[in-house]
Every structure is written in C-alpha cells, then in structure tokens.
Amino acid sequence: MEWTFFILNMLTVTALSPLTLGIIRKVKARAQNRSGASVLQPYRDLIKLFHKDEVISADASWIFSAAPVIVFATTLAIASGLPLFSPVPSFIPTGDLLVFVYLIATGAFFLALAGLDTGSGFGGIGSSREMTIAALTEGGLILSLVAVALLTGAANLGIMSAAVSGLSGMALLPLSIAAAAFSIALLAENARYPVDNPATHLELTMVHEAMILEYSGPKLALMEWASASKLLIFVIILGNVFAPWGMTQSLTLPSLGLAFLFFALKALVILAAIALIESGMAKFRFFRVPDLLFTSFVLSVIAILLIVV
Amino acid sequence: MSTVLQYGFVVSLELYAFGALCSLLFSSRGREATASTFSHFFAACGALTGLVFALAVIFSGSVVDLHAGAIGLAQNVLTFHVDGLAAFFIATISTVALAASVYGIAYQKQFLGVYRLGHFGFFYNTFLAGMLAVIAADNGIMFLFAWEAMAVGSYFLVAFERHDSHAVSAGKLYILISQLGAAFLFAAFLLLFRATGSWDFDVLRAHAVILPAMLEHVILGLALIGFATKAGVIPLHIWLPEAHPAAPSHVSALMSGVMIKTAIFMMVRFFVEFFPGHASWGLVILVLGAVSALLGVLYALSEHDIKRLLAFHSVENIGIILLGLGAAIAFFAYGIPVAGYVALIAALYHTVNHALFKSLLFLSAGSVVHATGTRNMEEYGGLIKRMPWTAVFFLTGAVAISGLPPFNGFVSEWLTFQSLFTGIAALPLPAKSIFLLGAASLAFTGGLAAACFVKAFGATFLARPRSDVAVHAHESGWLMKLPMGFLAALTLLFGVGASFIAPAIGQVVLSLRGEGGAMPLVSPFAMINIRDFALLSMASVALVLIAAVLVTYIAIRVISRHSRTRIARTWDCGVSLTPRMEITATGFSRSIITIFRGLLRPSIQKTAEYHDASTRYFAKSRMVHLSMPNLYRTYLYDPAASLVERSALKTRRIQTGNLNIYLLYIFLTLAALLASALIS
C-alpha cells in the first residue's frame, strides 16, 4: 500500500509538472494580449532536449554531471511524501516538514555547486544569488509550515493536511497568515517574480537561469524538469496543506477523480495568480528581495504567536 | 569485558604518556622523524583503547570509578569517574583523536627539520591525555589540573610554527583568554569548596549540600563564563578563529572538533546534573546559543581563509549545541523531563556530529593547505581534478555540516528543531518567545551554513585554478586519506543509522538523570518519535533518496542513449576566459554580507592610481580593500584592557620606593587584621 502511494505520487508530480509551466506561460500570454504557445509546449521542449547532443565545458568536473540527477532525485523524493489527492493519516518518512525543507535545500546546494563548476562568471554570480535567496527564504519557509504543525499537532505534511480540514473557524486567521508567508517562500524558491525572472537571459537579472546556463541537451532537460517539479510541489503544499478542502478520504476511483478535480481547480487558481503577478509587477532589485523574505519570516512568526499565545 | 572496563582508561592514559615520553626521548634534531611517528602512533593506540573502553562503558551501562592510591597532598585527588556521559565524550574524543593521529603521522613530515617535532609530540600527547582527564576527573582539583594541562598543551601546539609571527601571537591570545576563563572556573570551584567543604564531585552529584540560592547563581554564572570561554561562545570567542587555524591541521581538527566540547560536557554536568532546576540559566544559554549560531555563520561567510572559515563554523555549531542544551535545562526546570531528554539527546547528538564532520573538514582542508601551501581560498580553484579524494571527503563534510539529509548534521538539527517546537507549544509565554527566537536563529543558520559551504567547496575545488600553487597541487598519501575516509563514513553512518544512535544517546541521558536500564535494540527503520508530533526515519529517507537517484540516472541513460557529448570551452562571450573572471570566495558571499551589514559593519576602501592625475579618466590600477572590523575587540576587549591598564597606573602611585612608606603599609595591614580578628 505504502509503496504504491510512493510511486503514484512520484509519477503524478513528475508527469504533471511541465503542465504547470505551460499553464503559467499561457495565462501570462493571455494577460499580455498574446495567444501564447500551447500548454503542452514544455513537454515538447523536454522531449526535444532529451534527444539532443550535449556540450560540456572542459572545466567541468563530475559535480556538473551529478548535479542534475541529484536535483531531480530530490524532487522525486519530496514528491513521494506529499498529500496529493487524499490526506494521508499515516506517517510517511519523506513527508516530514523538515525533511521537505532540507531536501529542497539539498537541491539548491547541488544546483549552486553546478553553477560554480564551469568557472563562468554568470554561473558564479547566479549561485551566489541563489544561495543568498535560499538562505533568507528558509526562515519563512520553515516557520510558516511550523505554524500549521503547531495548529494541527503534527509535523508530517500528510497528517497536517488531514488535520487542517477538521479545524474550526478560529484557526483560519493564523492559517491564512501562514499561507501568505508560505506563498512568498514559494515565489522565492521557484525563481518567480518579484524575486527572479524565469524568462530572462540578461546577465544583471538572472539567478536560476545563470546557474544552468552551461547545461544543454538531456542534462538541461533534467534541470528544467526538476524546477518544474519543484514548482508543482510547492503548489501542492499550498493547495493541500494550507487549504485541504475537497480532498477525499475514501480511495475509490470516482472519489479520487473528484478530489483530483478539486486539486486541479486550486492549482489553476494558484498558477494563475503567479502568472498575473508576473504580468502585473516589476521584478525587485536584488537588494530589495530580503525585505520581502523577511516579511515572509515576520508573517510566519505572527502566525505562530497567534496560535500558541 | 570487565578487563576492558577495569584497565581501559588507565591503559589509554598510559599510552599517551608513553607517546609523550618516547617523543621527548627522540627529540634530538637527527631523530625527529622517529619521534613524530612514535608519538602519533602511540597517540593512535591510546585513542583506540579509549574508544574501546568508552564503548564498553556505554553499552554495558556500567559506571567505572578509579581511585589511585596516593600520599600527602595528592591524596583523594587521583580519582576518576566514568559514567555514560563521560564515556560518550571519551568515545567522541577518542574517535577524532584516532583519525587525527593517523593523519598526523604523514602530515607532520612537512615540518621535518623546520620545527621541533619531538617537542610537538610531547605536547600533542599531553593535550590528548589532558582532555581525557578533564572528562573523567571526579574532583575539582583533578579537573582544574587537567583543564590547565589541556590548555597549556594545546598552547604549544598552536604556537608550534614559532617562526610565524601570526601563530605566535595567536598562541599568546589563546593562552591569555584561556587563563582568563580558567580564572572564573577557579573562583567557581573555590566557592564550591567553601560551601560544601569538599572537592569531590560525588558531593555535588548527591545534592548532599543545599547552597544558598544567591551563591548557587554566582557559582553558575562564574562557571558559565569559564566554560563559554573554552567553548567559544560569542562574545568570548575571539581567540578561537585565531588559534584553531594557526595549529597544524590535525590539531585544529582536535581543537575544533573535541576540545571545545569538553566545555559542553562540563556545562551538562553543572546545569543538568549538579544544579538542575534553573529555567533562567537554561534560557540564558538558549539566547547565547541563538546568537552564537547566527553570528558565527555570518562571520564564517565573510572569511576567505579556509581554516578561519571552519573555525567560525565551530562557533556556529557550539551555538546549535547550546540551543539543545539550554532547551534541555529549561525543560527539566519546568518539569517536562520527557522533552528535556529529547533536547539533551539533540545537544549530545550534535556534539558528536560536529566532532565528526568538523574534524573531517579540517583534515581535508589540511590536505589542501598541505598541497598548496596557502590557506587563502582565493588562490585555490579546480582542485577537484587534482585532489579527487580530498574533494569527495570535503564535500561529505560540507553536506553534513549544512544539515542536508541523509548525513548526520540533519538528524541533530532535526532533533534540536523538535525540542524548540515543543518549547514553543508547551512552555509559558516568556520562555516561548525565547524558544521561538532560537528556532528562527536555527532556521536561518541552516540556510546560511549551506551558502557558506557552497562557497567554500566551490572556491576551493571547482572551476579553474586561480594560482600556480593550485595548478601544481597533488593528492595526499593514503595515510592521510584513510582517516578522512573513516570520518566520512562515520558522518554518513551517524545520519542513516539515526534510529540506532539516538536511543543509544538516550540511554546515556537517562542514566545521567538516574533512570534507565538495558539499551533497547531497534531496527534501522524504526522511527524517532517526538511525542507523536514528529517522526523521523532516516534509513527510509536515505533509501528513497538513493532509489530516486538510481531511477533518475538509469532513466536518463536509457532515454538519451543516442545523444552524444562534446567537450568544449565554457561560454566566454567571445573573449578568452581567465581565472580572474571566476567568482571569488569574497565575491560569492558579498551579497549576504551587504544584506547583514547592520550586524557585520563591513568596511570598504577604494584607491585608484591614474595615468594622468589631472584628468583622472584612465586608471592605471585600482585597489579595493574589504575588511570586517573586529567589533568585539573594539567595543569590548580594548576598553576592558585600557580600563585595567589605567587602574594599574593609578595603583602604581602607592609604589614610591620609600622604605618607610612600605613599613607603614605593613603596619597598617597588621593593625587592620588584628582589629578584624578582635571584632570577630
């Protein structure tokens, strides 16, 4: 039972993640009065990249080759513990909130090392910025999840999700504040506006793109896919842990289908919000990003204080 | 088993003593190579014996008391007491000492004929024996004696490179601050002796004498300052980043990895065993831990000397240990012992973890310094191709210290987090907010440590060499790689095997509080359960992670089997890339330092020289000086020093050189003493 759950989760998250990128790009295009590419375009890009030859820098070491695999594997491991359609009332080892946060950090760690490995100035500056942002996001990311954990009395994402849906109305205030804090962490961790511009190739503004600049072919595909999976993981947590309504307790096919529909709706709202933020506001100057990240941290502290006092 | 328990400790001490004597015996200039090999070999034997002994004590759950017969003043001084806690620390010290000693055999050869290796071997063994005696001492006099032996022994190791003025002045600062801290300990122990009438720790352990509350707080305050100085808690840390890097690398590993832990050990003794029940001291230690952790990692980020960077991470990790320890003290005082056990397990787990990965990092950094002859990270680069094994070992240490699963740093940080969460949920409001502060500090510390080690590993091992010394670097010999591999394997084992280690440490903690029994055997997949709030199964996490890596690797090999790989240059925008175009260690952390400039106060100084001084358009050369001021020196130590100096100058006035005046002083003193004797 547990193993099918693991594998089902990994497959679903990995299979659907390129679609999230497609949806964001589509909504963004519409918001900017363009028709945009099909939502399936990211899949075509991945297929194309997987079959291309690749160019590796002569300066690169095994870190450069290992990093895409490790980064992608961390997203798989995290995905295995997520509450996807049904809140999991039992304990899943990879669903612990600190395991989640530190697996994300593991991915960032190796991504940043890969950025440094080729000795390109772009990669270096990208890694430096990525680790700066990741370090400052960690406070808000951990504490916003801890707020929910304290609210529900459990630190496992699945159990938290099951417990949140049973909470009283009083809990909504701290929950929504924590959700706001988590949303900021979501934008920062996934290289989205106003922290990073996912579409840029301008030296001055790149963060994530700068790190993977030297990648090509299958390894680039893995990196792109991993970052798409990471986005979907954050969307799932925001949708199913902070607002787990519409999830099913029974594991029959029709109710799972209904639960998936609910999840798809929530995910669409979140993705559309990300796309609208990206169309509606300018990217922050790098040294204004910390203000935003500290806001996330302070919001989650407020949420925790509301819960425990 | 009983033989090991009976003689293990003494044999270990004797082997150190033998190593020290052997080393002195061969200390003449011609035979120094023999001296060095012998001293390190016997130290390794002593460490191995100590390790076996300590493990026997832990796993049999017994307590070993040793009383050596002695006469006169030494009576009742040579007493040792090794319980679970002491055995735990002896095991930690011996493991690191074993690795460091084997490493030292090869590492010290570079100093042959330059510095006196025979003398080094003597002090090296003294230092190791001193640490062992500190842990096992069962009375105040023995403890203070061993404490000083440890300090003096390590002073000579720090100042070993005596032609290097930095090392000598670092040694001076170290011994000065160390003695200052010891002065507080002497005061604390003298007060204890006056109040209890005995130097024996047994009296304290039995809680036989109830001290006045005020006196107890004074003693605890003095002890805290004394131990915090040795542990390198901010603001008493200023000796640490000077002294640890100055010593040879395997000594740095010992100092950073285990010597500063002896202070943690004594803190556990004082605040948990001897004088439990002070929530306020727990909270003070928690705040100290939060500050040390966060500031320690920020200072580490601003370093580009690889060993100083590691030394600052010791400050950070001592902070993390203190978060667990402070939480434990508070929980015991508030009457939630179950949470206290978890917090103490977290503190002890992080103690051994830090000992493992920090010594691993120092040894691999030592290999790099050995190969390049410089500690400046800006002159490294690209070493992963020249020193592939060292790179793997350093990366293991870096991943572990950054708290990334499945390595050991993650487990203890996880446990520390859980203790802090428990405090946030269960304690009264003022304590809650301090626990929240601790959790916030730990959250940011983890991320910043990861950033710092991306920088350290990236600048040292990745990209292209930035200097000639890096181009000509070579891999270390197997005698240096072997201990590093041993420690690297242990860091992984202590992460994946958390379900074994945590209950074992739990046993130590329980026996400390007078509870416990036989050690429960657990399966590797058993979960560490924190009040049903959080559960952790590291073996499962590791298994999922490994499976995910394998699946990804195989899948990509299958999918992209037709795509070919071409080696080319890094994209260079049309100009040829030079090593100067890579990001440097300083540049990497510059943005974090700018963000925290309010705390760190970095200074920047720019100078430029122009071809034509009147137009100032074309610069011939530009210099940018970045520096981090030592705020503690400027605002704490220098004012204190000048205060002492000024008061000394004032006191000098009574020294006139006139004999009659001195006679008057003697007379007045005598009169005052007689008067006070008459009155009382």
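If you're wondering where the values come from, they're calculated on a predicted model, not measured in any experiment. (Residues numbered from 1 in each chain as written. Chains lettered and ligands numbered in written order. Predicted model: local features only at pLDDT ≥ 70, side-chain atom pairs only at ≥ 80, totals over all residues.)

J.: Give me the lowdown on the overall build of chain B, citing residues and values where you can.
T.: If you tally the helices and strands in chain B, you get 25 helices and seven strands. A globule of 680 residues ought to have a C-alpha radius of gyration of about 26 Å, and chain B, at 27 Å, matches this closely. Within chain B, buried positions represent 55% of all 680 residues. Counted over contacts in chain B with a minimum sequence separation of 6, partners at least 24 positions apart contribute 80%. (Helix = DSSP H or I, 4+ residues; strand = E, 2+ residues; numbered from the N terminus. Rg over C-alpha atoms; globule rule 2.2 N^0.38 Å. Buried ≥ 20, exposed ≤ 12 C-beta atoms within 10 Å, placed from the backbone. Contact = placed C-beta atoms within 7 Å.)

J.: Which residues make up the overall build of chain A, and what values go with them?
T.: Across its full length, chain A carries eleven helices and one strand. When the helices and strands of chain A are placed in sequence order, the string is α-α-β-α-α-α-α-α-α-α-α-α. Taking 309 residues into account, the globule formula puts the C-alpha radius of gyration at 19 Å, and chain A, at 19 Å, falls close to it. Summarising its shape, the C-alpha atoms of chain A cover approximately 55 × 45 × 40 Å along the three principal directions. Per-residue burial over chain A gives 63% buried out of 309 residues. For chain A, the proportion of contacts with a sequence separation of at least 24, taken over those separated by at least 6, is 79%.

J.: How would you sum up the interface of chain B and chain A? Please name residues and give values.
T.: Taken residue by residue, the interface counts 65 residues in chain B and 68 residues in chain A. Contributions of two or more residues to the side of chain B that touches chain A are made by α14 (383–386), α16 (408–426), α17 (429–461), β4 (534–536), α21 (538–559), β5 (565–568) and α22 (585–595) of chain B. Considering each element in turn, the side of chain B that touches chain A owes the most residues, 14 residues, to α17 of chain B. When grouped by side-chain class, the residues that make up the side of chain B that touches chain A number 42 nonpolar, 16 polar and seven charged. (Nonpolar A, V, L, I, M, F, W, Y, C, P; charged D, E, K, R; others polar.)

J.: Account for the nonpolar core, with residues named and values stated.
T.: The biggest cluster of nonpolar side chains holds 368 residues, and the ones touching the most others in it are L113, V148 and I304 of chain A together with V158 and I345 of chain B. Residue contributions to this core peak at 22 residues, all from helix α13 (residues 337–372) of chain B. Here I304 of chain A is in contact with L143, V146, A147 and L150 of chain A together with I424 and L436 of chain B, once residues within four sequence places are set aside. (Core = buried A, V, L, I, M, F, W, Y, C linked by C-beta atoms within 7 Å.)

J.: An account of the packing of α17 of chain B against α22 of chain B is requested, with residue identities and associated values reported.
T.: Residues and elements named next belong to chain B. Interhelical geometry of α17 versus α22 gives an angle of 165 degrees and a closest axis separation of 9 Å. Taken together, the axes of α17 and α22 lie roughly antiparallel to each other. α22 is crossed by α17, and the crossing has right-handed handedness. Packed against α17, whose contacting residues are L448, A451, K455, G458 and A459, the element α22 presents A585, F588, S589 and I592 at the interface. (Axes fitted to C-alpha atoms, helices over the stretch in contact; angles between N-to-C directions. Parallel < 35°, antiparallel > 145°, perpendicular 65-115°, else oblique. Left-handed = near helix turned anticlockwise from the far one by under 90°.)

J.: Can you lay out the packing of helix α6 (residues 165–196) of chain B against helix α8 (residues 213–231) of chain B for me, pointing to particular residues and giving the numbers?
T.: All names here are of chain B. Between α6 and α8, the least distance of the axes is 8 Å, while the angle of their chain directions is 155 degrees. Taken together, α6 and α8 sit at an angle that is classed as roughly antiparallel. As for how α6 packs across α8, the hand of that crossing is left-handed. Listed contacts from α8 to I177, L180, G181, A182, F184, L185, A187, A188, L191, L192 and A195 of α6 are L215, V218, I219, L222, A223, I225, G226, T229 and K230.

J.: I'd like a rundown of unusual backbone geometry, residues and numbers included.
T.: All names here are of chain A. With an omega of -5 degrees, the peptide bond between Y193 and P194 qualifies as cis. Structurally, P194 can be placed in the loop between α7 (172–189) and α8 (208–211). Of note, N33 is a non-glycine position whose phi angle comes to about 65 degrees, a positive value. Note that N33 resides in the loop between α1 (2–31) and α2 (41–50). Within the chain, A191 stands out as a residue other than glycine whose phi angle is a positive 55 degrees. Inspection of the secondary structure assignment puts A191 in the loop between α7 and α8.

J.: Break down α17 of chain B for me, with residues and values.
T.: Residue and element names in this part refer to chain B. Taking 1.5 Å of rise per residue, 33 residues should cover 48 Å, and α17 covers 48 Å from first to last C-alpha, within 8% of that figure. Buried residues dominate α17, accounting for 28 of its 33 residues. A positive phi of about 60 degrees marks A463, the residue just after α17. (Expected span 1.5 Å × (residues − 1).)

J.: With reference to specific residues and values, describe the pairing of strand β2 (residues 79–82) of chain B.
T.: Residue and element names in this part refer to chain B. Residues T79 and H81 line one face of β2 and the alternating positions F80 and V82 line the opposite face, and both faces are buried. For strand β1 (residues 64–67) and β2, the ladder comprises four bridges, and the chain directions are antiparallel. Across the sheet, the residue bridging to L66 is F80, located in β2. (Pairing = 2+ DSSP bridges.)

J.: Report on the environment of L136 of chain A, specifying residues and quantitative values.
T.: Residues and elements named next belong to chain A. In this fold, L136 is placed in helix α5 (residues 121–152). With 26 C-beta atoms packed within 10 Å, L136 lands in the buried category. When the C-alpha atoms of L136 and P290 are compared, they prove to be 6.9 Å apart, with 154 residues separating the residues in sequence. Excluding anything up to four places from it in sequence, L136 contacts P290 and L293.

J.: Run through the environment of A167 of chain B, naming residues and quoting values.
T.: Note that A167 of chain B resides in helix α6. Counting along the chain gives 170 residues from A167 of chain B to P337 of chain B, while the straight-line C-alpha distance between them is 46 Å.

J.: I'd like a description of helix α4 (residues 117–136) of chain B, backed by residues and values.
T.: Between its terminal C-alpha atoms α4 of chain B stretches 29 Å, which fits the 28 Å expected from 20 residues at 1.5 Å a residue. Of all 20 residues making up α4 of chain B, 19 are buried, and the element is well covered by its neighbours.

J.: So what's going on with the confidence of the model for chain B? Which residues, and what values?
T.: As a general rule, the predicted coordinates of low-pLDDT regions are not to be interpreted in detail. Residue and element names in this part refer to chain B. Looking at chain B as a whole, its pLDDT mean stands at 90, while 97% of the residues score no less than 70. Mean pLDDT values over the elements of chain B span from 75, in strand β3 (residues 528–530), up to 96, in helix α15 (residues 388–401). Per the prediction output, this complex has pTM 0.94; the corresponding ipTM is 0.95. (pLDDT = per-residue confidence, 0-100.)

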